[in-house]
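As a plain string of letters, each chain reads:
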Amino acid sequence: MTVPAAVGALIQVTLVIAVAPILTGLMRATRAKLEGRAGPSVVQPWRDIRKLLHKERIKPEYSGWVFLLAPRVLLASGLMVVVLVPLITTATALGGSGDLFAVVYLVLLGTVFLVLAGLDPGTAFGGMGASRAITVAALAEPAFLLAIFALSVRAGSSSLATIVDSVLAEPRSLASPGSLLALAAVSVVVLAESGRLPVDNPSTHLELTMIHESMVLEYAGPDLAVVELASQVRLTIFLGLIANLFAPWGIAVTTHPADLAIGTGVVVAKLALLGVVIATFEVFVAKMRLFRVPELLTAAFILAFLAITMSFFLT
Amino acid sequence: MSAGTWGLAFAAAAGGIGTIAALVTVGPTRRWLVGILSGLSAAAGGATAILVLVGHGPVTVHLPQILPLAGVELNLDALGAVFVLAVAIVALPASIYGIGYTAHGLNRRSVQAMYPLFIVSLLLVPAAASVSTLLLLWEAMALTSLVLVAAEHRDRSEVREAAWWYGSMSHLSMIAILMALVVFAGHAPGETFEALRMSGRHLSSSTRSFVFVLSLVGFGTKAGVVPLHVWLPRAHPEAPSHVSALMSGAMVNLGIYGVLRVTWDLLGGGPIWWGITVLFVGVTSALFGILHALVARDLKRLLAYSTSENMGLILVAVGAAGIYSSSGNPMLAGVAITAALLHIVNHAAFKGLLFLGAGSVVAATGTRDLDRMGGLLARMPVTGAAFAVGSLAIMALPPFNGFVSEWLLLKSLVQGLPASSVAISVTMPIAVGAVALTGGLAAAAFAKAFGTGFLARPRSPQVEAAAEVGGTMQTGMVSLAVACLGLGLAPFALLDVLRRAGAALPSLWGGEPVRSVGVTLHTGGLTGSLSPLFIGGGLILLVVLIPVVLRLLGVAGRRRVAENWGSGRSLQTARMEYTATSFAEPLQRVFDDVLRPEFDLAVTHTAESRYYVEAVRYRVGIVDGFETHVYRPLIRVAKRWGEMSRWVQNGSIHRYLAYLFVALLIVLLVSQ
Amino acid sequence: MYDAERLGIRLVASPRHADGLMVTGPVTHNMVGPLQKTLEATPGPKIVIAVGDCALDCGAFRDGYGVAGTVADFVPVDVEIPGCPPDPSAIVAALRGLIG
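Since the model is a prediction, treat every value here as computed from it, not as a measurement.

Another aspect to go through is unusual backbone geometry. Omega for the bond connecting Val226(B) with Pro227(B) falls within 30 degrees of zero, at 5°, which places this linkage in the cis form. Note that the residue after Gly44(C), namely Pro45(C), is joined by a cis bond; omega there is -10°. Here Pro45(C) lies in the loop between helix 1 (32-41) and strand 3 (47-51). For Ala396(B), which is not glycine, the phi dihedral falls at a positive 65°. Here Ala396(B) lies in the loop between helix 15 (381-394) and helix 16 (401-414). Taking the C-beta count within 10 Å as the criterion, Ala396(B) has 28 such neighbours and is therefore assigned buried.

A word on the nonpolar core. Formed by 360 residues in total, the largest nonpolar core has its most connected members in Ala143(A), Leu146(A), Ala147(A), Ala185(A), Ala304(A) and Val82(B). Top contributing element to this core by residue count: helix 13 (residues 330-365) of chain B, with 23 residues. For Val82(B), the residues in contact, after removing those within four places along its chain, are Leu341(B), Ile344(B), Val345(B), Leu498(B) and Ala501(B).

Contacts between chain A and chain B engage 71 residues on the former and 68 residues on the latter. Elements with a contribution of two residues or more to the side of chain A that touches chain B: strand 1 (58-60), helix 3 (65-84), helix 4 (100-119), helix 5 (124-155), helix 9 (221-246) and helix 11 (293-313) of chain A. The element contributing the most residues to the side of chain A that touches chain B is helix 5 of chain A, with 18 residues. Grouping the amino acids of the side of chain A that touches chain B by side-chain chemistry returns 44 nonpolar, 17 polar and 10 charged. The pairing of strand 1 of chain A with strand 6 (residues 560-562) of chain B spans three bridges and is classified as parallel. Across the sheet, Lys59(A) pairs through a bridge with Val561(B), a residue of strand 6 of chain B.

Attention now goes to the domain arrangement of chain B. Taken domain by domain, chain B comprises domain 1 (1-193 + 229-268) and domain 2 (628-670). Relative placement of domain 1 of chain B and domain 2 of chain B: their C-alpha centres are 35 Å apart.

Taken together, the contact between chain C and chain A spans 11 residues of the former and 18 residues of the latter. Classifying every residue of the side of chain C that touches chain A gives three nonpolar, four polar and four charged.

Residues and elements named next belong to chain C. Strand order in the open sheet formed by three strands is 1-3-5, and the pairing between neighbours is parallel. Looking at strand neighbours, the two that pair on one side only are strand 1 (20-24) and strand 5 (79-81), the edges of this open sheet. Sheet twist, expressed as the mean angle between neighbouring strand axes with direction ignored, is 20°. Summarising the sheet, strand 1 and strand 3 pair through five bridges and their orientation is parallel. Bridge pairing links Val23 to Ala50 in strand 3. Lying over the sheet, helix 4 (residues 88-99) contacts strand 3 and strand 5, oriented at roughly 165° with respect to strand 5.

Rules behind the numbers
Residues numbered from 1 in each chain as written. Chains lettered and ligands numbered in written order. Predicted model: local features only at pLDDT ≥ 70, side-chain atom pairs only at ≥ 80, totals over all residues. Helix = DSSP H or I, 4+ residues; strand = E, 2+ residues; numbered from the N terminus. Buried ≥ 20, exposed ≤ 12 C-beta atoms within 10 Å, placed from the backbone. Core = buried A, V, L, I, M, F, W, Y, C linked by C-beta atoms within 7 Å. Contact = placed C-beta atoms within 7 Å. Nonpolar A, V, L, I, M, F, W, Y, C, P; charged D, E, K, R; others polar. Pairing = 2+ DSSP bridges. Domains from an automatic or database assignment. Axes fitted to C-alpha atoms, helices over the stretch in contact; angles between N-to-C directions.

See the structure below:
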């Protein structure tokens, strides 16, 4: 692990931690504006996190170390993914330590711990959220892995840097049916895994409609701050992956400071754009019934499968 | 005698002395002696395996005089050594665990005497180098394990039924293996594996296919692949837990060993349809196994079905290796076979750990029903932590060992495309989809097992009274948990070892498929790399750092303990928690057509009026589809045959003499 | 126009995520326990806002058979917003007074 690579990784982590709450704030503000309300300021999530850090810490009666460890594991797995994924630059040697498959399993690690944390306090809603969340995660996994397969076939490797480089080298390949189908599949999976509409409503107060929120009902104070930050970081990672796998122009290919600065600006702009698009989409779509979500994820699976067969038959 | 031969001899001797000790001593002395001697036997076997794997060369033992007609031929090469290592990894902790576990009523002479023999047979089967030796050791393994499965047959009737199923399927598989190997040996100059290997390529293709199919059926039954798996979910739960650990972690591997040895070593590989068949058998096993694990209510039944699933994954890797090598792609075949071997070793570690944990739970609470458990993490902290490690490992999550082998498996399947062969282009995406779905469902199944079994509050009074198990049982579990973490962070230590093992199958090997550079694994041609140490270590480091950072930001340390937030409800009981069945219910609904649950709803009305309900009884059950639709009809047919043939065998001695006379006449006529 | 979110105030799903409770209406016998549990579940520092005449002094329900008392009888109240019903701008003004 060379020094420039370590510096690049550190910059990426800092950037993502700084930007993630602002991205969520931007999405909430967009939604509010489109719904005709004045809406919160874009940096409100950061103020929320700062406030939460100084609140009282609470541990529910019957929970154990799993409940206390879960926020940390959620954030740690998210940050680990940030280290591995090329957001600002592809020239980090740390990219050799993990590829897209490793990213999928790191995300699953966070999800599993959150599910266990939902079960730990022994509340009914926590268990319900946990059961639903693991259903969504289990069914999103095949779609996700098959979509990655489709992308790797195109690039000849599942290493993220290689995939990004291959798209930069041959922009035409993005217009191929395989890539478009893979984009559709990945978009559905990202909406499912990050808990956005139409799979899960992140701003609902009705427990029976919650998936992600009901698992965190018992968290308070600094633990809640860590969970919130971790969820925001995960959303940022997913959007960053979509941005850089399907529209990587502007990403730095060296660790030259000027390139890094440009890369940073470009990725922030892309994240903002994707955030606004998703928030707009959320205003116009309604949440799906829980038992229709498997159908949606099966559709994503079939799209990804078609993406692979397309890349075989059309190359 | 070389060091390896000494090792094998010591292992056999320790096992023999263990059996004698079990027959001669009583009480705690018996437990300790059997445990220690079995452990020593396992350790000796493991050491021999390591010797072979670090380049010492194969260990050969030649004892022509021991048995009439054929001697005992043992040849432990690198491939067999991997399987012996997997056995040793489970057997040593299981034996130590057994010291404490058998104190709860299992310290009987028959059980304790069979246990060391079981371990010795497990260690020696991969070393067998002739057909008769293999069959002899195989039968020894089957018989000793049958006695061990039936250990508690006086206490429960399910144990008897389980033993019947296990015994019958075991012997049916024996017949299939016998036919395959005898036909093979019939066409070869001798019955040693050397002779078979020399003549393997020169057999007619129909003979080769016959041998392949029969050995897949026979060895596949032992490995628990669908549709020959029906004995697994019955026998593994009913056996004592340290025996279940051995059966699931060590014995089912030997089914895979048989397939690898006969098909790709002795027969020398075959046409592409062999690989495709193995891959599809693997895909079916994996999906069917994990679906039934997901909806299982009995903890050990869940683990048993999960074994079927993991064997399916290994067969997917083996089948992919076969497909690649038949399509002229030896490097990819090497990656796939490395993934298979690594998963075998990893599975031994985490499945053994899970069964030992389940055994502790059963010993402490007296129940296997997940819907009655809960809150065990607080009452049994060591068991709970060990089970957590095992669950995370089997879900293939970093930083544990399952992650690395699943990653390698996915890599080997993905690297096949783009390919010119239609077979590869169609099977690989299906395989990846199946492996991915299995992975997701496995996460759900084990989140259920650990989450509802150990977290929250106890759902029944017998579980409330549970207490942590004794020291030897804890040692067994903790050592396997440490192994899971070590194999997860530093698998590159195993890579050299697996390279030698894979190279022992030249028909499946080419180039340097997986190398380790420093702490990173690279798959052939730098098309992908993974550093488990970096990812796992980084995760652990971050998890430790986050509270430190919080403390630096001025966050308070003490937490107030508060009542659960139940929307202000005044009475919150354990009955309001999600049970295991309800946790898996959404996923069960998705797979309704495959699982076909049986519903039974009985509503009792009050005597006074039909409009008032006194009680509602709702029962939902999921039975194994193959058992109801394939095996039970077959059993009915066999029973009817048996009844029909009773008139042939009616006990009259005159008739039997007549049969003898007729048979003698026929033999004389035919031999003219 | 009356959006409290622009002040940074959001309704959350669980008292554990909250900094304050807005209580409306008188406290009935059934709701005494839940009200106190909700306050206990909220992490400190926390505030209680009693909104409306009924919360302040039982309003029209003063001698109802199910009414146990006002909010201030059972939990310490930090901010009071009178009115039957209170004007939306009064609520927003009171909330703004809390922050700034």
